[in-house]
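Survey of secondary and tertiary structure
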Amino acid sequence: MNATDLAYTPATELIPRIRSKALSPVELTRAVLARIEQVNPKINAFCAVTADAALAAARAAEEAVMKGGRLGPLHGIPVSIKDLALVEGVPARFGSHVFATRIGEVDAPYVRRLKAAGAILTGKTTTPEFGWKALGDSPLTGITRNPWNLGMTSGGSSAGAAAATAAGLGPLHQGSDGAGSVRVPSAFCGIYGLKPTFGRVPMWPVSNTDSASHTGPMTRTVADAALMLAVMAGPDDWDRQSLDAAPADYVGRLREGIKGLRVGWSLDLGCLQVDPEVGQAAHRAALAFQELGCVVEDAKVSLPDTREMIHVMWNAHYAGNYGQFLDEFRSRMDPGLVAALEDGRRYSAEAYVAMRGRKNAYCDAVRALFDTYDLLLTPTVSVAAFEVGRLNPVGFPQHAWDWFPWAGFSYPFNFTGQPAATVPAGFTASGMPVGLQIVGRRLADLQVLQASAAFEQARPWAQKRPAV
C-alpha cells in the first residue's frame, strides 16, 4: 500500500493492522505527514504541523506494540485538532492576529482523551477568525480551498478539518460547530460530520455562546466517527455543561439498523431558499431511507422564524467575547467580523434576554416536531460550495456580515442542542459535493450514527476521492 492509500485508509482498518504488527505506527505517521507535505500547500488545511512530536509519539506507540504494552482504542492513529482548541505546547491562534503568538498551555478535555486513547496528533487545522463564519479563510492563515475544486471554498468554520479529511490527510479530524461549523464544511467537501448532542463532548474553556457550541468528529466513514466520538464523549468536571452520563456503545451498536423509524423530509424547513440541484440531490438521498425500512414522509414544518434570532444572538456573543480587541486589531481583522462585532454592540441586555426567551420557545416547537418523527432529513446547506473570496453565493443576498441565509439548515439545531450529522448525498453537475442532514432527538446520538451507517451502506461514498 502506498503512502496515499495508507493516509486514506479508515482508522477501523488501520487499528487491527497495528495491533497485529502488520503496520507500524511510525510507517503510518510518516505516510500521513508525507501526504500533508505534498497536499497542504495546495489546500491550506493545516496551520500548524507537529511532525517531530508526532513521530516521537509514533515511535513510543510502536515500542508499546512490540513490547505487548497497554494499547488504547486509537493506538497509533493520526488525528488533527481544529485551531479553536487548546493543545499543550501547540499554537492556539484561532485564525486571528490577536492570538498570533499564543501557545496552548493545557489540553482541552477531548484532546486529553484522544491522547490517552493513543492517538497521534499531527497538527492544528485552519479556521476563519474566531470561527465566526461558515467559510474557510482567515486574515492570519489565509484561504483554505476545497479539494474537489481549488477555486471553491471549503466551508467553515472547521475548514481545515473538512479539507484534510477529503484530501486524505489522515483518518480522524476534530471539528466544532456553533452554527453549522462541522456540517457545512463536511457537506461542501463530501465527508461525514457529526454534531452530537450539546454537552456530549466536554469543552474547555467552556464556550460563552449560550449552549450553542458543540465538538464532534469529521471523518471519511461513519464507523471512524463512532470510534472517535466514543473516545471524546462523557462527563468531565472541567465542563459543568457536559452531560452527566456515559456515552452509548456507538461502536458496538452501530450496525443495528433503523427499520421501522418514522422519518420526516423537509426541502426547505418551510422558509429557506434552496438551489434546485442541491435540493434534488438531497431528496434522492432521502428516499434511500425507504429502502432501509423507514416510513418517509414530507414533513409539514411550520416553525418560528429564526433569522432575527441568529442575528442578535450570534453577533451579541461575538461582541461580548471579542469586541474588546477591536480598538487595537481592527485593521488586521476580517472586515466581515468587524462589521458583525459592531452590529452586536447595538443590542441591549433587554433585547438579548428577550431573544433568549424566543429561543426557548423555538426549542419547544422543534421538540413537538420530534414527537412525530424519529429523524428529520434536510439538505445540509442550501447550496454547494461556491467561489473563494465570497461571503455569500450568487443568487443570495449580499451583505457585509450576514452569511446565514444559505446556512439556515444548520444553526436551528445548535439552538436546540440536538444531534445532527451530514452524509455525502451526491454531486452537482459541476462535480461539487452535496450533503444530506440527519437530525435526531436530543440525546439520540446513537440513532443518528445508526441512520448514518445504514445510509452509508446503501449509498457508499468513502471510495470517492478528489483529484488534488
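Summary of the structure given here. What you see is a predicted model; the values in this text were computed from it and never measured.

A few words now on helix 14 (residues 349-369). The periodicity of an α-helix, 3.6 residues per turn, causes residues three or four places apart in sequence to face the same way. Its 21 residues give helix 14 an end-to-end C-alpha distance of 31 Å, which sits within 8% of 30 Å, the value for a rise of 1.5 Å per residue. For helix 14, the complete set of buried residues consists of Tyr 352, Met 355, Lys 359, Tyr 362, Cys 363, Val 366 and Leu 369. Projected down its long axis, helix 14 shows its buried positions confined to an angular sector of 110°, all on one face. Exposed side of helix 14, more than 90 degrees from the buried face: Glu 350, Val 353 and Arg 367 are the residues found there. Those residues of helix 14 hidden inside the fold are in contact with helix 11 (307-322), strand 13 (375-379) and helix 15 (412-416).

A cluster of nonpolar side chains, namely Trp 204, Val 206 and Trp 238, defines an oily patch on the protein surface of about 270 Å² accessible area. Its place among the elements puts Trp 238 in the loop between helix 8 (222-232) and strand 11 (262-265). Using a relative accessible area of 39% as the deciding quantity, one classes Trp 238 as partly exposed.

This paragraph deals with the packing of aromatic side chains. In total, this model carries 23 aromatic pairs according to the counting rule given. Taking 6.5 Å as the distance between ring centres and 25° as the angle between the ring planes, the aromatic pair formed by Phe 130 and Phe 325 counts as stacked. Highlighted residues: Phe 130 in the loop between strand 3 (120-125) and strand 4 (137-138) and Phe 325 in the loop between helix 11 and helix 12 (326-329), separated in sequence by 195 residues. No difference in accessibility class separates Phe 130 from Phe 325, as the two residues are buried. Lying across the ring of Tyr 8, Arg 465 places its NZ or CZ 4.1 Å from the centre.

A few words on the side chain of Asp 83. Here Asp 83 shows up in the loop between strand 2 (78-82) and helix 5 (109-116). A distance of 2.8 Å separates polar atoms of two side chains, one belonging to Asp 83 and the other to Lys 124. Once you skip the residues sitting within four places of it in the chain, Asp 83 turns out to touch Cys 47, Pro 91, Ala 92, Arg 93, Phe 94, Gly 95, Lys 124, Thr 125 and Thr 127.

Before going further, it helps to spend a moment on the state of the cysteines. Tallied over the entire structure, the rule returns zero disulfides. The structure places no disulfide on Cys 47, whose sulfur is separated from the nearest cysteine sulfur, that of Cys 189, by 16 Å. Relative accessible area serves as the criterion here: at 0%, Cys 189 is assigned to the buried category.

Axis separation between helix 3 (residues 25-43) and helix 4 (residues 51-66) bottoms out at 8 Å; the angle between their running directions is 160°. In this view, helix 3 runs roughly antiparallel relative to helix 4, as classed from their interaxial angle. For the pair helix 3 and helix 4, the sense of crossing is right-handed. Across the interface between the two elements, Pro 25, Val 26, Thr 29, Arg 30 and Leu 33 of helix 3 pack against Ala 51, Ala 54, Leu 55, Ala 58, Arg 59, Ala 61 and Glu 62 of helix 4. Of the residues contributing to the contact of helix 3 with helix 4, the split by class is eight nonpolar, one polar and three charged.

Counting residues in each nonpolar core, the largest one holds 83 residues, and the members touching the most others are Leu 74, Leu 114, Leu 169, Tyr 192, Phe 289, Leu 436 and Leu 449. Top element by residues in this core is helix 8. It accounts for nine residues. Phe 99, Ala 384, Leu 391 and Tyr 411 belong to the second largest nonpolar core, which has 65 residues in total.

Another point: the sheet that holds strand 13. Read from one edge of the open sheet, 11 strands run 1-3-2-8-10-9-14-15-13-11-12, paired in mixed fashion. For this open sheet the edge positions go to strand 1 (46-49) and strand 12 (295-298), each flanked by a neighbour on one side alone. Going from strand to strand, the sheet's axes swing by 25° on average, the running direction of each strand aside. Two elements, strand 11 and strand 13, share three bridges in a ladder whose sense is parallel. Looking at the pairing, Val 263 lines up with Leu 375 of strand 13. Against the sheet, helix 16 (residues 445-458) contacts strand 9 (192-195), strand 13, strand 14 (420-427) and strand 15 (433-440), and its axis sits at roughly 145° relative to strand 15.

Glancing now at the pairing of strand 3. Summarising burial for strand 3: six of the six residues are buried, a large majority. As judged from the three bridges shared by strand 1 and strand 3, these two strands associate in the antiparallel manner. Residue pairing across strands places Phe 46 opposite Thr 125, the latter belonging to strand 3. Pairing between strand 2 and strand 3: five bridges, direction parallel. Counterpart to Val 79 in the pairing with strand 3 is Leu 121. As for the winding sense of the linkage, the β-α-β connection from strand 2 through helix 5 to strand 3 is right-handed.

Running from N to C, helix 8 and helix 16 cross one another at 160°; their axes reach a closest spacing of 9 Å. If you check the angle between helix 8 and helix 16, you find them roughly antiparallel. In this structure, helix 8 uses Val 222, Ala 226 and Leu 229 to contact helix 16, whose residues at the interface are Leu 449, Ser 452, Ala 453 and Glu 456. Classifying every residue of the contact of helix 8 with helix 16 by side-chain character gives five nonpolar, one polar and one charged.

Looking at the element boundaries, His 399 is found in the loop between strand 13 and helix 15. The exposure class assigned to His 399 is partly exposed, which follows from its relative accessible area of 40%. Through-space distance from the C-alpha of His 399 to that of Gly 336 is 8.9 Å; in sequence the pair is 63 residues apart. Discounting chain neighbours no more than four positions away, the residues touching His 399 are Leu 391 and Asn 392. Polar contacts involving the side chain of His 399 include one to the main-chain amide nitrogen of Trp 401, which spans 3.0 Å. Separated by 3.0 Å, the side chain of His 399 and the backbone nitrogen of Asp 402 make a polar contact.

Quick notes on the rules
Residues numbered from 1 in each chain as written. Predicted model: local features only at pLDDT ≥ 70, side-chain atom pairs only at ≥ 80, totals over all residues. Heavy atoms only, no water. Helix = DSSP H or I, 4+ residues; strand = E, 2+ residues; numbered from the N terminus. Expected span 1.5 Å × (residues − 1). Buried < 20%, exposed > 50% of the residue type's maximum accessible area, 1.4 Å probe, protein only. Arc of directions from axis to C-beta. Contact = heavy atoms within 4.5 Å. Patch = residues over 30% accessible without salt bridge, like charges linked within 9 Å, V, L, I, M, F, W, Y side chains within 5 Å. Areas by Shrake-Rupley, 256 points an atom, 1.4 Å probe, with all protein chains shown as cover. Salt bridge = Lys/Arg side-chain N within 4 Å of Asp/Glu carboxyl O. Phe/Tyr/Trp six-rings, centres within 6.5 Å; stacked < 30°, edge-to-face > 60°. Lys NZ or Arg CZ within 6 Å of the ring centre and 35° of its normal. Polar contact = N/O pair within 3.5 Å; in protein donor to acceptor, adjacent residues only side chain to side chain. Disulfide = S-S within 2.5 Å. Axes fitted to C-alpha atoms, helices over the stretch in contact; angles between N-to-C directions. Parallel < 35°, antiparallel > 145°, perpendicular 65-115°, else oblique. Left-handed = near helix turned anticlockwise from the far one by under 90°. Nonpolar A, V, L, I, M, F, W, Y, C, P; charged D, E, K, R; others polar. Core = buried A, V, L, I, M, F, W, Y, C linked by side-chain atoms within 4.5 Å. Pairing = 2+ DSSP bridges. Right-handed = clockwise from strand over helix to strand, strands pointing away.

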